[in-house]
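Chain residues, written in single-letter form:
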Amino acid sequence: MTKRRLPFGMPTSIVLLATPEGWRHSVLTEEGGMLCGRLADVAANTDPAEAQAAVAAIVGVLAHDFNEADVDVTWDPPREPGSWTAQVTVATTPPPSA
């Protein structure tokens, strides 16, 4: 028996938070879904730019695997210490199958 992958909607934005335990993220989708987690391979004292790159890579893989799309992640200027947001936009989608 093969496992069926659960659908994951098109990502639209990311929230990244620095916590004493490590980096936390939430990915929001255009369908209203949300995926939350921790960047397990990124140390709590890592530079924010590295954490941003790590979560952007995760979002890129999710968009590609579930929506067959490449995305661009654009980080907004931080509004408060330890918290960042980003907008996710579709860069390319494959042509429809004939």
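See above for the structure.
Everything in this summary refers to the structure shown in the same document. (Residues numbered from 1 in each chain as written. Predicted model: local features only at pLDDT ≥ 70, side-chain atom pairs only at ≥ 80, totals over all residues. Heavy atoms only, no water.)

### Quick notes on the nonpolar core
Short version of the rule: Take the buried Ala, Val, Leu, Ile, Met, Phe, Trp, Tyr and Cys residues and link them wherever side-chain atoms come within 4.5 Å; each set so joined is a nonpolar core. Accessible area is worked out with a 1.4 Å probe on protein chains only. A residue is then buried under 20% of its type maximum, exposed over 50%, and partly exposed in between. Numbered from the N terminus, helices here are DSSP runs of H or I no shorter than four residues, and strands are runs of E no shorter than two. Two residues qualify as a contact provided that any one of their heavy atoms is within 4.5 Å of a heavy atom in the partner residue.
Ile14, Leu16, Trp23, Leu39, Ala51, Val59 and Val71 are the most contacted members of the largest nonpolar core, which has 18 residues in total. Looking at this core, the elements that each hand over two or more residues are β1 (11-19), β2 (22-29), α1 (48-67) and β5 (83-92). Among the elements that take part in this core, α1 stands out by supplying five residues, more than any other. For valine 71, the contacting residues outside a window of four places in its chain are Met10, Val59, Gly60, Ala63, Val88, Thr89, Val90 and Ala91.

### Let's talk about α1
Applied cut-off: Multiplying 1.5 Å by the helix residue count minus one yields the expected span of that helix. The directions considered for the arc are those from the helix axis to the C-beta atoms. A 3.5 Å cut-off defines polar contacts: any pair of N or O atoms within that distance qualifies, except that in protein one atom must be a possible hydrogen donor and the other a possible acceptor, and neighbouring residues in sequence count only when both atoms are side-chain atoms.
The end-to-end C-alpha separation of α1 is 27 Å, in line with the 28 Å expected for 20 residues at 1.5 Å each. Where α1 is concerned, the buried positions are Ala51, Gln52, Val55, Ala56, Val59, Leu62 and Ala63. The arc that holds every buried residue of α1, seen down its axis, measures 130 degrees, which confines them to one face. Residues of α1 that are buried in the fold lie against β1, β2, β3 (34-38), β4 (70-75) and β5. Capping the start of α1 is the job of one residue whose side-chain oxygen sits 3.0 Å from the backbone nitrogen of alanine 49: aspartate 47.

### Overview of the environment of serine 83
When you line up the elements, serine 83 lands in strand β5. What makes serine 83 buried here is its relative accessible area of 16%. The sequence separation of serine 83 and tryptophan 23 amounts to 60 residues, and the corresponding C-alpha distance is 9.9 Å. Discounting chain neighbours no more than four positions away, the residues touching serine 83 are Leu16, Leu17 and Pro78.

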